[in-house]
Amino acid sequence: MTPVTAESGSSTPVIVVSVDTLAQDNVKTDVAEQKVEDEAASNTESVEAGAKNEADKEVKEVIKVGMECDLKHLYQKEDDKGRTSWTDKYPEDLEEAAENETTAKFAILVRNKKSFEDSRKKLEIDSIVVQSPLLKIVLAKVLKDYPGITCTLKRLVFQAPFNPFVHRWEEFAAALDEEEDEETKKHLELLFAVLKVELTDIISARLDYIKNKVITFEHLWTIFVPGTTLYSAEWNRDCGSRFKSSSYFEHPKYGNCFGISAQKVDWDGDKFGYATAQNLILEFPGTMSISSLDTFPLEYHPEQEKVSSELFKRGKLFESYHGYHYKSYKAFAIGKNKCGDDIKVTVDSRIVIDSFAFGKFNPNRIAPLAPLKPKVKVARESSNDYDDSDANSDVSYDSDDDDAYSFANDANSSNSRGFKHIPLTDAQLIQCTPLVRGYALKSKQWLSFFVDAVNEIEFNSSAFANLVLPADQKELILAFAMSQVKFKDDFDDVISGKGKGIIMLLSGGPGVGKTLTAESVAETMKVPLYMMSAGDLGIRSHEVEINITNILEMVAKWNAVLLLDECDVFLEARSKHDLERNKIVSIFLRTLEYYEGILFLTTNRVQDMDPAFQSRIHISMEYPGLDKEARKQVWQNFLKRGIENELSEKEVGMLAEVDINGRQIKNVLKTGQLLARHKGVKLRYEHLRTVLNVERKKVEQLA
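Residues numbered from 1 in each chain as written. Predicted model: local features only at pLDDT ≥ 70, side-chain atom pairs only at ≥ 80, totals over all residues. Heavy atoms only, no water.

J.: Before we go on, may I ask you to explain the sheet that holds strand E9 (residues 255-267) in this structure?
T.: Strands belonging to one sheet form pairs held by backbone hydrogen bonds; the direction of such a pair is parallel or antiparallel. Read across the sheet, 5 strands follow the order E10-E9-E8-E7-E12 without closing on themselves; strand pairing throughout is antiparallel. Each edge of the open sheet carries a strand with a single partner, namely strand E10 (272-282) and strand E12 (295-297). Between one strand axis and the next, the sheet turns by 40 degrees as a mean value, whatever way the strands run. Bridge count for strand E7 (residues 229-234) against E12 is 3 bridges, and the pairing is antiparallel. (Pairing = 2+ DSSP bridges. Helix = DSSP H or I, 4+ residues; strand = E, 2+ residues; numbered from the N terminus. Axes fitted to C-alpha atoms, helices over the stretch in contact; angles between N-to-C directions.)

J.: Mind showing me how you'd approach the packing of aromatic side chains here?
T.: Each aromatic ring pair is summarised here by two numbers: the centre-to-centre distance and the angle between the ring planes. Summed over the entire model, instances satisfying the criterion amount to 24 aromatic pairs. Ring geometry for Trp267 versus Phe272: centroids 4.9 Å apart, planes at 55 degrees, classification tilted. When its relative accessible area of 1% is taken as the criterion, Phe272 is described as buried. Through a chain of ring-to-ring contacts, three or more aromatic side chains come together here, namely Phe217, Phe224, Phe243, Tyr248, Phe258 and Phe284. Cation over ring: Arg237 sits above Phe450, and NZ or CZ is 3.9 Å from the ring centre. (Phe/Tyr/Trp six-rings, centres within 6.5 Å; stacked < 30°, edge-to-face > 60°. Buried < 20%, exposed > 50% of the residue type's maximum accessible area, 1.4 Å probe, protein only. Lys NZ or Arg CZ within 6 Å of the ring centre and 35° of its normal.)

J.: What's the story with helix H6 (residues 304-320) in this structure? I'm lost.
T.: Think of an α-helix as turning once every 3.6 residues; residues three or four places apart then point the same way. Taking 1.5 Å as the rise per residue, H6 with 17 residues should run 24 Å; its terminal C-alpha atoms sit 24 Å apart, in good agreement. Three or more residues of H6 are buried, namely Val307, Ser308, Leu311, Arg314, Gly315, Phe318 and Glu319. Within H6, the buried residues cover an arc of 145 degrees as seen down the axis, which keeps them to one side. Every exposed residue of H6 that faces more than 90 degrees away from the buried side is listed here: Glu305 and Lys313. (Expected span 1.5 Å × (residues − 1). Arc of directions from axis to C-beta.)

J.: Where do I start with the layout of surface pockets in this structure?
T.: Using a probe with the size of a water molecule, rolled over the atoms, empty space left in the structure can be pinpointed. The space that makes up the second largest pocket amounts to roughly 1200 Å³. What lines the second largest pocket is a set of 36 residues, among which Thr515, Leu516, Glu519, Ser520 and Leu529 lie closest to the centre. Sorting elements by how many residues they give to the lining of the second largest pocket places helix H12 (residues 514-525) first, with 7 residues. Split by residue class, the lining of the second largest pocket holds 15 nonpolar, 10 polar and 11 charged. (1 Å grid on protein atoms, 1.4 Å probe; cavity = no way out; pocket = protein on both sides within 12 Å on 5 of 7 lines; lining within 4 Å. Points joined across faces, edges and corners; volume = space filled by probe spheres on them. Nonpolar A, V, L, I, M, F, W, Y, C, P; charged D, E, K, R; others polar.)

J.: Mind showing me how you'd approach the sheet that holds strand E3 (residues 108-114) here?
T.: The 3 strands are arranged E3-E4-E5 in an open sheet whose pairing can be described as antiparallel. Here the strands that pair on one side only, and so sit at the sheet edges, are E3 and strand E5 (156-159). Each adjacent strand pair in this sheet contributes to an overall mean axis angle of 25 degrees, direction not counted. Relative to the sheet, helix H5 (residues 182-212) contacts E3 and strand E4 (123-130), its axis offset from that of E4 by approximately 150 degrees. (Contact = heavy atoms within 4.5 Å.)

J.: How should I be thinking about empty space enclosed by the protein in this particular structure?
T.: Applying the stated criterion across every chain yields a total of 2 cavities of 30 Å³ or more. The space that makes up the largest cavity amounts to roughly 60 Å³. Every residue along the wall of the largest cavity is listed here: Asp266, Trp267, Phe272, Phe318, Tyr321, His322, Gly323, Ile353, Ser355, Leu435, Val436 and Arg437. Put simply, the parts of the chain that give the lining of the largest cavity at least two residues each are E9 and strand E17 (435-440). Its residues assigned to classes, the lining of the largest cavity comprises 7 nonpolar, 3 polar and 2 charged.

J.: Explain the nonpolar core here, please?
T.: As a rule of thumb, nonpolar side chains are buried together in soluble globular proteins. Core analysis: the biggest nonpolar cluster contains 51 residues, and Phe165 and Phe172 have the highest contact counts within it. Filtering out sequence-adjacent residues up to four positions away, Phe172 remains in contact with Leu139, Val142, Phe165, Leu188, Leu191, Phe192 and Leu195. Of all hydrophobic cores here, the second largest spans 37 residues; its members include Ala357, Leu441, Phe588 and Leu599. (Core = buried A, V, L, I, M, F, W, Y, C linked by side-chain atoms within 4.5 Å.)

J.: How should a negative patch on the surface be read in this particular structure?
T.: A cluster of like negative charges, contributed by Glu92, Asp93, Glu95 and Glu96, occupies part of the molecular surface. Residue Glu92 is classed as exposed on the basis of its relative accessible area of 71%. (Patch = residues over 30% accessible without salt bridge, like charges linked within 9 Å, V, L, I, M, F, W, Y side chains within 5 Å. Areas by Shrake-Rupley, 256 points an atom, 1.4 Å probe, with all protein chains shown as cover. Salt bridge = Lys/Arg side-chain N within 4 Å of Asp/Glu carboxyl O. Lys, Arg positive; Asp, Glu negative; His and termini not counted. Charge placed at Lys NZ, Arg CZ, Asp CG, Glu CD.)

J.: Any chance you could explain the pattern of salt bridges here in plain terms?
T.: Working definition: two side chains of opposite charge can pair if their charged atoms are close together. Within the structure shown, the criterion is met by 18 salt bridges. The partner of Asp452 in a salt bridge is Arg237, and the shortest N-O contact between them spans 3.0 Å. One end of the pair, Asp452, is in the loop between strand E18 (445-450) and strand E19 (454-455); the other, Arg237, is in strand E8 (residues 237-251), and 215 residues separate them in sequence. Residue classification places Asp452 among the partly exposed residues on the basis of a relative accessible area of 44%. A salt bridge links Arg437 to Asp266; its shortest N-O distance comes to 2.7 Å. Pair noted here: Arg437 is in strand E17 and Asp266 is in strand E9, with a separation of 171 residues, a long-range link.

J.: Please clarify how the pairing of E7 should be interpreted in this entry.
T.: Strand residues, when the strand is regular, have side chains that alternate between the two faces of the sheet. Strand direction decides the pairing type here: E7 and E8, joined by 6 bridges, are antiparallel. Along E8, the bridge assignment pairs Tyr231 with Gly240. Joining the antiparallel neighbours E7 and E8 is a turn of 2 residues, in which Trp235 adopts a positive phi near 55 degrees.

J.: I keep staring at the packing of helix H17 (residues 628-639) against helix H18 (residues 649-656) and nothing clicks. Help me out?
T.: Packed helix pairs are specified by the crossing angle of their axes together with the interaxial distance, meaning the distance between the axes. Between H17 and H18, whose axes approach to 8 Å, the crossing angle comes to 125 degrees. Here H18 runs oblique to H17, going by the angle between their axes. Crossing angle aside, the handedness with which H17 passes H18 is right-handed. Contacts from Lys628, Arg631, Lys632, Trp635, Gln636 and Leu639 in H17 reach Glu649, Val652, Gly653, Leu655 and Ala656 in H18. Class assignment for the residues of the contact of H17 with H18 results in 5 nonpolar, 2 polar and 4 charged. (Parallel < 35°, antiparallel > 145°, perpendicular 65-115°, else oblique. Left-handed = near helix turned anticlockwise from the far one by under 90°.)

Below, the structure is given as C-alpha cells:
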C-alpha cells in the first residue's frame, strides 16, 4: 500500500487517503449501483411476465375448442420413405376426379389397371360399374339369390374376377337372347361384349375342367356355385350341405387353403334352420379329380343319383325326429372331451332324442340357426327410381315363415308355441345333418347320435307279468303310474305347480323285486327309466340341489319313471351334528314337492328315513321275503326266458326249498348255465346243485 501526501509549502489543506481505501469505496459504490439495477431489471421482468401470462389467459378464454362453425381440411402427405403425415397445404399434383357428371350418362363404366400378372395384357379390368337402370332390371333376374349382389343399388359395382357372371354365364347369355326390348338389348350386348373378352379364358377353362372331371387349386372357385348342394364324407358317412361362400387364405398350420363355408339343415329343439359348417381344401399341384376332393358339388359325384336318394331318405328320418323320442341305439356317438373336441363314444343302450333339452343343459354346444327361408324386402318397380338406402338393400327374415318350421302341440314336440308345419323341401332334406342330439340313459351323457343308427325299442311285454307280487298290489302300482301320466294336470295344490307328482316307496329286503317293479312299470308304459344314483347328485349340498333340479325337470318332461335306488343314502333322518346331511335332506324335501312325474324310492332301511318324507309319499309298500311259492315262480320265470334246460317240475320245487332271494336265484342260474355250456349240455339239476353246494346252500334230499 503506497500512501499519498501533499507537497510542503502548500496553503490548501490536504487529506491524505490511501489507494486501497479509495478502491474499496469504489467497489462498494459499484456493487450498490449494480444491485439497484438488478432489482429494477427483476421488477421489469416480473411485470412483463405477469403481463404475458395475463395476455395468454385472455387468449385462452377467447378461443373455445370446437365452437367455430366452419370446416378445416387437412391433407395426407408422404415422404421419400413412405411415411405419412397430415398437412393443411392443398396437394399440387392432384388430377380431376374420374367419375363426374360427364361419366354419369354412360350405361357402364369399365375401370382398368396395369396388368402385372398376365404378360399378354397391358391393362386388365379392375371393376365394372353398372349405371344403366335397364341392365339392373335384367341382372336382378339373372343374379337372383346370388349372395352379396343387390341390383337395386344406385352404384352397382362388380369386382374382378367377376364370379357371379362366371357362375351364371349361361343364364346371362340366355337373358340376352330372350330380351325383346331394343334399348335394353343394346345395353346387354354392350356388357356382354366387355365381359366376354375378359372372361373367355376362364369360362373355357371351367367347361374344360368339368368335361374332364378335374380341377386346379387356382380355379376351385369356378365349380363352387353359391346355393349348390355339396357332398362330403364325415365320420364315414355321406353328408350333404348347401354352399354359401368360399375364399383363399393362408392357414397357419396347413399353408395355402381354399376355405368353404357351407350350411346344413339342423333342428335346435324349436325350429329347423341352417347351421354353419366349415371345410378346407389344401393346396395341391396340377389337376385333381373333382370327386377326390374332400368337399365338392354333389352333381359331380360318380354315383349322384344313388347318394342323393340315400341322403333324401335320411333327411326324411331326420325331419321325423323333431321334438323328443325314446329310441334304442347301438353304435358310436359323438361327444366332447374337456378341450371341446369331438370324440367317439360307444353307446349300447336306450336313448332319448331331445335337442331342446340338449340345448338347455348344454347351452354352449348348440349354435343359433339361420332361417331356412329369407325374405328380401321388395324394391319399387319403377325402373328409373333406384335408391341405395338400407331400406332396399338389406335382407330381412320373415318371422312367420321362419316359425312355420317349428313344431308345437305335437305329441313329441319340445316347444310350447303352435305353428303350422311346412315340410322341408327335397333339397333341404338332402342337406340335413346326419346327427341328432339326445341323452344316453345308461351312460348318462349328452351326445350326438347318427340318424341312421337309431332303432326302435323292442319292449318286453311280459316284464310286468313276471313280477312276483300279489295281483292286486301289481294292479294298484300300474294303475297309479299310468293315470299319473294321463291326468297329472287334473290335480293341483293350493300353490300352483306343487304336489302334481306321485311318489311310491318300496321297502323290503334285498332281491325281493323292488327295483324290478320300477323297471317293469317303465317297460309296460313304454317310457324311459332314469335310475338316479349318488354319483349323479354329488355329495355337497349345492351340487345336489343343482343336479336334482335338472334331473327332475328333465325326467318330468319326458314322462319318464324316476328310480332312486337305496334312497336312505339321501333321505336318512336329520341329526343335530351333521349340518351338510341336513342340508341335503331339506333339499330333497323341498324339490320333491314340485316334482310332476313318477318317482319310485327303494330302501331296505325304511326305519332310518326322515319322518318328514312320510307326508310326501303317496304309496308305501313293504315287500316281504319270498316264500316257497314265490321262489318257485321266480325260478320258473327265469327258466322260461330262453334257457335250455332239462329240469323237471319236481326238481324246480326242490330248488324252491332253498331260502334265497330273487337276485341270488338269477345268479345261481347264470352260473349253472355257464357250467352247462362248458360241458356242452343243457342245463340240468346237478349243475344247479353244484353251484348251490359251492355257495353252501344245502337243498334237502341232495345226496
